[in-house]
There are 4 protein chains.
Amino acid sequence: MTDKKENIIQAALELFASEGYNAVATSKIAKVAGVSEGLIFRHFENKKGLLDAIMQDAEIRISQVFAPILFELDPQKVIQKTLELPFSIEQKEYNFWKLQYKLKWEPEYHNPRKMKPVLDKLEWAFAELGYQNPPLEAELVIYILDSIAIAILREGLQSQLKFKSFLVSKYNS
Amino acid sequence: MTDKKENIIQAALELFASEGYNAVATSKIAKVAGVSEGLIFRHFENKKGLLDAIMQDAEIRISQVFAPILFELDPQKVIQKTLELPFSIEQKEYNFWKLQYKLKWEPEYHNPRKMKPVLDKLEWAFAELGYQNPPLEAELVIYILDSIAIAILREGLQSQLKFKSFLVSKYNS
Amino acid sequence: MTDKKENIIQAALELFASEGYNAVATSKIAKVAGVSEGLIFRHFENKKGLLDAIMQDAEIRISQVFAPILFELDPQKVIQKTLELPFSIEQKEYNFWKLQYKLKWEPEYHNPRKMKPVLDKLEWAFAELGYQNPPLEAELVIYILDSIAIAILREGLQSQLKFKSFLVSKYNS
Amino acid sequence: MTDKKENIIQAALELFASEGYNAVATSKIAKVAGVSEGLIFRHFENKKGLLDAIMQDAEIRISQVFAPILFELDPQKVIQKTLELPFSIEQKEYNFWKLQYKLKWEPEYHNPRKMKPVLDKLEWAFAELGYQNPPLEAELVIYILDSIAIAILREGLQSQLKFKSFLVSKYNS
DNA sequence: TATGAATGAGTATTCATTCAT
DNA sequence: GATGAATGAATACTCATTCAT
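Residues numbered from 1 in each chain as written. Chains lettered and ligands numbered in written order. Predicted model: local features only at pLDDT ≥ 70, side-chain atom pairs only at ≥ 80, totals over all residues. Heavy atoms only, no water.

K.L.:
Honestly, the pattern of salt bridges in this entry has me stumped. Any pointers?
P.N.:
Should the charged atoms of two oppositely charged side chains come close, the side chains can pair. By the definition in use, this model includes 38 salt bridges over all chains. The shortest N-O distance in the salt bridge between Glu19 of chain A and Lys28 of chain A comes to 3.0 Å. Its relative accessible area of 35% is what places Lys28 of chain A among the partly exposed residues. Note that Glu93 of chain C and Arg61 of chain C form a salt bridge whose closest N and O atoms lie 2.8 Å from each other. Taken together, the positions of Glu93 of chain C in the loop between α5 (75-84) and α6 (94-102) and Arg61 of chain C in helix α4 (residues 47-70) put the pair 32 residues apart, joining distant regions of the chain. One connected set of salt bridges, linked through shared partners, spans Lys48, Asp52 and Glu108 of chain A. (Salt bridge = Lys/Arg side-chain N within 4 Å of Asp/Glu carboxyl O. Buried < 20%, exposed > 50% of the residue type's maximum accessible area, 1.4 Å probe, protein only. Helix = DSSP H or I, 4+ residues; strand = E, 2+ residues; numbered from the N terminus.)

In structure tokens form, the structure reads like this:
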């Protein structure tokens, strides 16, 4: 990928995340990316195509984040690693995740499939540990983590750190 | 409030909730409301003023939803009533709540103060019941309920009903 | 004329004079006049009708200003009284005169007929006093006075007072 | 400057001069200029920015008109050349000058500084020729010329030609 | 690949005017 | 006479997109 194309994607990610897809003009993306407006449309079919490209990148990044959990064989550690997920988001990835969460409201971009492997693994872990209702326990953990992730993205990591050990001990049988 | 002003608010609420504030043209609001576009600006200073009016109404509605919890004196019932909140959202209020959750990403409209009374009451309840960390328990419940509410708004009540008894029994000491 | 109608005319005169006819919204006139916007259109056919009414009033006021000159029999005094005209505009009439001068650019409102009597009288005076080219002398005086009046309206009387005696002595044979 | 940008300026100058800044819609400017309305706002920040661009061009044009007077060394000729100014306005520059005079009523655009050099030169000329009150004589000449220029712009050169020799002989000591 | 001028449909907003009360 | 809600056409301005270079 050329430098400029990458610039466009970075600028768009930043702007879409902070101001929202609709609120960002392609002219602004071009300015922030330091390229001509026309170039956006040479690299991407249209504005939506640019968003799609960003979201496609996402799938890969997300699966990389999940990999260590999926390869984990100790059920207790599966749960612990999952619980630690939101606390390990790097600052430079905030925009990326903000956009993911904002777009959850657009049916087109909300595909729960992305979480399915983690959900399954969690379910397996809870089953292994003898929990009564593994599927719901697993889903609940995801819910909790979503809310914490959103809070971190909005208010910063510090504000939520208190939950880290709290949750870990809560799920330590 | 005149009929037409109310029409505008209803149309705007519906459209803002489903398509997002920025994505909705005032001309569309007018058409859906069955009024002239100009009337929107006689009643509200500008498009944002219309959103503000909607969100101001919200504060009242929200406090009405919370009232029964705040007046509850039995700690166990406080928790139970709170847990039941998302499952009792009426269909006709979906738009209203969708908008609330979507706008959480706009700092201007996300004021956690709205939840503070419930949070305090929950904390009190957990303390009464001898939980080790009442503040975090309380906040965690809110997080869970937020996620469930969002899921209900997106996928319907049916998809989440399974959580109702699951949560109630989980918090039944 | 009712109070409110008069209010409208006063407000319109003030606003038209200071901001220009096109730049003033009828809603603003109504607000300044302290009446409903609808009332403007009950009293005047439309916005232009309001301007016309103002300009019709003008004709009368202007002829009153000119009367003392037209009745003067001493040619020297005719000239002197004319020269003193712009210096005797009362502050509260500034808006009125500003509007007159601004509208000179609209052919519809610039009618040189208004000045004709004064011009004729001046011409007669210059002829009486043996000037070589009375018509041009007369017209020149009007030109000078117009420029001075405009300067006074724009910058205040003080800035132009120096011209008063200068002109009087210049035309004192 | 591209062709189209120049077209816009020409169309705007023409329309602003004849109908007034506020009375001209940007859509009309675009139509007369033969460009899309959007282009106006690519080249100029907004409607006022277009006016500003026109008025900036003006400063240059005006100083070019004044140059021959400022370089003149014979005081008598300084006066004569000044007196001839309004009679030498070319027809194709009428719009330009109309706009200058119309905008004199907007404090933002009326800057007397533009005339200062000519005024100073005139004052010097009158002093050289032994006039009693050179500053006022100079200012008076400018006043007369303004009125004549306005009359020419409104009624055509023919109507005012009679003043040319009249004034020249008046100021020929 | 990259630019930047240009477009045309669309956007929020204003405004003169109407009308029921 | 007077109000104020309501309209619809117009206005300044924006934006995604195209295209010649």
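K.L.:
I tried to follow the interface of chain C and chain D on my own but got confused; where do I start?
P.N.:
The figure often quoted for interface size is the accessible area lost as the parts come together. With 29 residues of chain C at the interface, the matching set in chain D holds 29 residues. Contact between chain C and chain D buries roughly 2800 Å² in total, counting both sides, with carbon and sulfur atoms accounting for 68%. Sorting the residues of chain C by area buried against chain D places Trp105, Tyr143 and Arg154 of chain C first, and these three jointly supply 29% of that buried surface. Connecting chain C to chain D are four salt bridges. Glu139 of chain D serves as the salt-bridge partner of Lys162 of chain C, at 3.2 Å between the closest nitrogen and oxygen. Considering every element that reaches the side of chain C that touches chain D, the biggest residue donor is helix α8 (residues 134-155) of chain C, with 14 residues. Grouping the constituent residues of the side of chain C that touches chain D by class yields 14 nonpolar, five polar and 10 charged. (Contact = heavy atoms within 4.5 Å. Buried area = accessible area lost by both parts, 1.4 Å probe. Nonpolar A, V, L, I, M, F, W, Y, C, P; charged D, E, K, R; others polar.)

K.L.:
Mind showing me how you'd approach the protein's contact with DNA strand F here?
P.N.:
Near DNA strand F there are 34 residues, and of these Thr26, Phe41 and Lys47 of chain A together with Thr26 and Lys47 of chain D occur at the shortest range. Atoms of DNA strand F within 4 Å of the protein belong to the sugar or the phosphate in 58% of instances, the rest to bases. Lys4 of chain B is positioned such that a nitrogen or oxygen atom in its side chain is 2.9 Å from a phosphate oxygen of DNA strand F. With respect to DNA strand F, the side chain of Arg42 of chain C contributes an N or O atom lying 3.1 Å from a base nitrogen. Mapped by element, the contributors of at least two residues to the surface near DNA strand F are α3 (37-43) of chain A, α3 (37-43) of chain B, α3 (37-43) of chain C together with α2 (26-33) and α3 (37-43) of chain D. Taken together, the residues of the surface near DNA strand F break down into 10 nonpolar, 15 polar and nine charged. (Near = heavy atom within 4 Å. Polar contact = N/O pair within 3.5 Å; in protein donor to acceptor, adjacent residues only side chain to side chain.)

K.L.:
Before we go on, may I ask you to explain the domain arrangement of chain A in this structure?
P.N.:
Residues and elements named next belong to chain A. Along its sequence, chain A is organised into domain 1 (1-44) and domain 2 (59-170). Of note, the centres of domain 1 and domain 2, computed from C-alpha atoms alone, are 29 Å apart. At the junction of the two partners, domain 1 supplies seven residues and domain 2 supplies six residues. Roughly 530 Å² of surface becomes buried between domain 1 and domain 2 when both sides are summed, with 66% attributable to carbon and sulfur atoms. (Domains from an automatic or database assignment.)

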